[in-house]
There are 2 protein chains.
Amino acid sequence: MGAKRTPREAWIEEGLRALASGGVDAVRVEALAKALGVTKGGFYGYFADRNALLEAMLDTWERESIDEVLERVGHLDGDPREKIRLAGQLTLSADRLLPLDLAIRDWARRDEVAAARLRRVDNERMALLREMIGTFCDDPDEIEARSLLAFSLAIGSHFLAAEHPGHTHAEVRAMAGDIVLNRPLAR
Amino acid sequence: MGAKRTPREAWIEEGLRALASGGVDAVRVEALAKALGVTKGGFYGYFADRNALLEAMLDTWERESIDEVLERVGHLDGDPREKIRLAGQLTLSADRLLPLDLAIRDWARRDEVAAARLRRVDNERMALLREMIGTFCDDPDEIEARSLLAFSLAIGSHFLAAEHPGHTHAEVRAMAGDIVLNRPLAR
DNA sequence: CACCCTCTATACGGCACCGTATGGGCGGGC
DNA sequence: GCCCGCCCATACGGTGCCGTATAGAGGGTG
């Protein structure tokens, strides 16, 4: 077997890069080839068509998003809130995964295949949030609501353009996270 | 002046429809023409190019999003929380404006022109949220954090795919909204 | 070293779209 | 009823992309 000059993984990598920076419509075979410094000649040896690449990209993203993060977080024995923050940072602060995540969310709004993958990943993350929040909160409904709030904050704040006079966006985000994850409600 | 068969507004309307359902990349002159039942012949009489249409679409959206909603909400004298809910429903539950809003948010991630418009609109909405929340909350930092939480929940929950065993998404959203807008924190 | 197998370059037909040019058609003003 | 101006259909060149076909280059393998 000859050495693979531009292995299958390179196409997926480059595809994910294009997806992250330009959305799913920016994932174009010829554009990826140019970015890789080759032509599309070898592409169709790995993938039946552009759609096959998109599915392979979803496969890779799902594996990276779920397995690696859960694996790294699961083996820790720290403060649950710290684990949540770590998980959030791994999935959403990583320069690589965050833009990818946001792009896939928009993609999923119009594509049922992408939506199904996102559903699996989000369910995993939501389960993690429930578990963590459940360690310091008893009411199941409140756990669910707080989990949704934490998740919405993590994702939604990247889709907002509003400014905060006197604060940075990160500061306000931190305060909001503090309310959701640390502050009990008055009864 | 001859009767306008396909007035400028019709192109903008159709453009916004395409944007809402397919993202900014789906706004294509020839596709809009087909949707309108004409050819693109008359388009370039109204707009210099596709970019001019996109800017006009942003103009229309900004006016509709800010003016109409604020006008309708501003003249009410009800419970502040009710006003927030009404404003949210007008902007985000409307079948017309919600998909448009989400599509523009994704667009703004990659286009500075769209981002500037979104910033203006979001700042208006954020100001509304601050004002409303300020009527039952004193700490300025908490007002800011709660406003961000409410906004993130309104937007972010539409980008999440997670499921809630035993509850509908709307139910959990309502519970989360209740926490942000109604429940004081323990001190 | 020669063979083979894999990846790559090149070329092709097809399609969708952009922006421009041009002529016809249809309604309103007189 | 005639003219005029706006709107639209049609056609064109150019570009970017898809998917296919074919042949060449280059490294592993015997």
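Note that the structure is a prediction, hence the values are computed from the model and not measured.

1. Some remarks on the overall build of chain A
In step 1: In terms of regular secondary structure, chain A is built from 9 helices and 0 strands.
In step 2: From first element to last, N terminus to C terminus, chain A shows the α and β order α-α-α-α-α-α-α-α-α.
In step 3: The dimensions of chain A, computed from C-alpha atoms along their principal axes, are 65 × 40 × 30 Å.
In step 4: For chain A, the proportion of its 187 residues judged to be buried stands at 48%.
In step 5: Pairs at least 24 apart in sequence give 61% of the contacts found in chain A among residues at least 6 apart.
In step 6: Accessible surface, chain A as shown: approximately 9,300 Å² in total, 50% of it carbon and sulfur.
In step 7: One way to put it: in chain A the 26 positive side-chain charges average out to a point 4 Å from where the 32 negative ones average out.

2. Here we look at the protein's contact with DNA strand D
In step 1: The immediate surroundings of DNA strand D are formed by 16 residues, with R28, V29 and K40 of chain A together with T6 and T39 of chain B found nearest.
In step 2: When atoms of DNA strand D within 4 Å of the protein are split into backbone and base, the sugar-phosphate part holds 61%.
In step 3: In terms of residue class, the surface near DNA strand D is built from 4 nonpolar, 3 polar and 9 charged.

3. Looking at the UniProt feature "DNA-binding region" (unreviewed entry) in chain A
In step 1: Listed under "DNA-binding region" (unreviewed entry) in the UniProt record, and renumbered for this structure, are residues 28-47 of chain A.
In step 2: Between the C-alpha atoms that bound residues 28-47 of chain A there is a distance of 13 Å. The span itself is 60% helix and 0% strand.

4. Description of the relation of the copies chain B and chain A
In step 1: Least-squares fitting of chain B to chain A yields an RMSD of 0.0 Å, with the superposition described by an axial translation of 0.0 Å and a rotation of 180°. Given the turn and translation reported, the copies of this chain are related as if by a two-fold rotation axis.
In step 2: A shared interface surface links the copies, since 100% of the contact residues of chain B are contact residues in chain A too.

5. What about helix α1 (residues 8-22) of chain A?
Residues and elements named next belong to chain A.
In step 1: The terminal C-alpha atoms of α1 lie 21 Å apart, and with 15 residues this matches the ideal 21 Å at 1.5 Å per residue to within 8%.
In step 2: Along α1, the positions that sit buried rather than exposed are A10, W11, I12, E14, G15, L16, A18, L19 and A20.
In step 3: Just past α1, the residue G23 takes up positive phi, approximately 85°.

6. A look at the interface of chain B and chain A
In step 1: The partner chain A presents 51 residues to the 51 residues of chain B that form the contact.
In step 2: When the two sides are added together, the surface that chain B and chain A hide from each other amounts to roughly 4,300 Å², 67% of it contributed by carbon and sulfur.
In step 3: The interface formed by chain B and chain A contains 0 salt bridges.
In step 4: Inspection of the chain B/chain A interface yields 15 residue pairs in polar contact (both at pLDDT 80 or more).

7. So, the packing of helix α1 (residues 8-22) of chain B against helix α2 (residues 29-36) of chain B
Residue and element names in this part refer to chain B.
In step 1: For the pair α1 and α2, the least separation of the axes is 10 Å and the interaxial angle reads 110°. Comparing the axis directions of α1 and α2 gives the class roughly perpendicular. Residues A10, W11, E14, G15 and A18 of α1 touch α2, and the partners they reach there are V29, L32, A33, A35 and L36.
In step 2: Considered class by class, the residues forming the contact of α1 with α2 number 8 nonpolar, 1 polar and 1 charged.

8. Considering the UniProt feature "domain: HTH tetR-type" (unreviewed entry) in chain A
In step 1: The UniProt entry lists residues 5-65 of chain A under the feature "domain: HTH tetR-type" (unreviewed entry), expressed in the numbering used here.
In step 2: Secondary structure across residues 5-65 of chain A comprises 70% helix and 0% strand; the distance between its end C-alpha atoms is 27 Å.

9. Observations concerning the packing of α1 of chain B against helix α6 (residues 97-108) of chain B
All names here are of chain B.
In step 1: Packing of α1 against α6 brings their axes to within 8 Å, and their N-to-C directions diverge by 75°. By the angle class used here, α1 and α6 are roughly perpendicular. Listed contacts from α6 to L16, L19 and A20 of α1 are P99, L100, A103, I104 and W107.
In step 2: Residues that form the contact of α1 with α6 fall into these classes: 8 nonpolar, no polar and no charged.

Basis of the calculations
Residues numbered from 1 in each chain as written. Chains lettered and ligands numbered in written order. Predicted model: local features only at pLDDT ≥ 70, side-chain atom pairs only at ≥ 80, totals over all residues. Heavy atoms only, no water. Helix = DSSP H or I, 4+ residues; strand = E, 2+ residues; numbered from the N terminus. Buried < 20%, exposed > 50% of the residue type's maximum accessible area, 1.4 Å probe, protein only. Contact = heavy atoms within 4.5 Å. Areas by Shrake-Rupley, 256 points an atom, 1.4 Å probe, with all protein chains shown as cover. Lys, Arg positive; Asp, Glu negative; His and termini not counted. Charge placed at Lys NZ, Arg CZ, Asp CG, Glu CD. Near = heavy atom within 4 Å. Nonpolar A, V, L, I, M, F, W, Y, C, P; charged D, E, K, R; others polar. UniProt positions renumbered as here; feature names shortened; annotations may be inferred. Least-squares fit on C-alpha atoms with pLDDT ≥ 70 in both. Expected span 1.5 Å × (residues − 1). Buried area = accessible area lost by both parts, 1.4 Å probe. Salt bridge = Lys/Arg side-chain N within 4 Å of Asp/Glu carboxyl O. Polar contact = N/O pair within 3.5 Å; in protein donor to acceptor, adjacent residues only side chain to side chain. Axes fitted to C-alpha atoms, helices over the stretch in contact; angles between N-to-C directions. Parallel < 35°, antiparallel > 145°, perpendicular 65-115°, else oblique.

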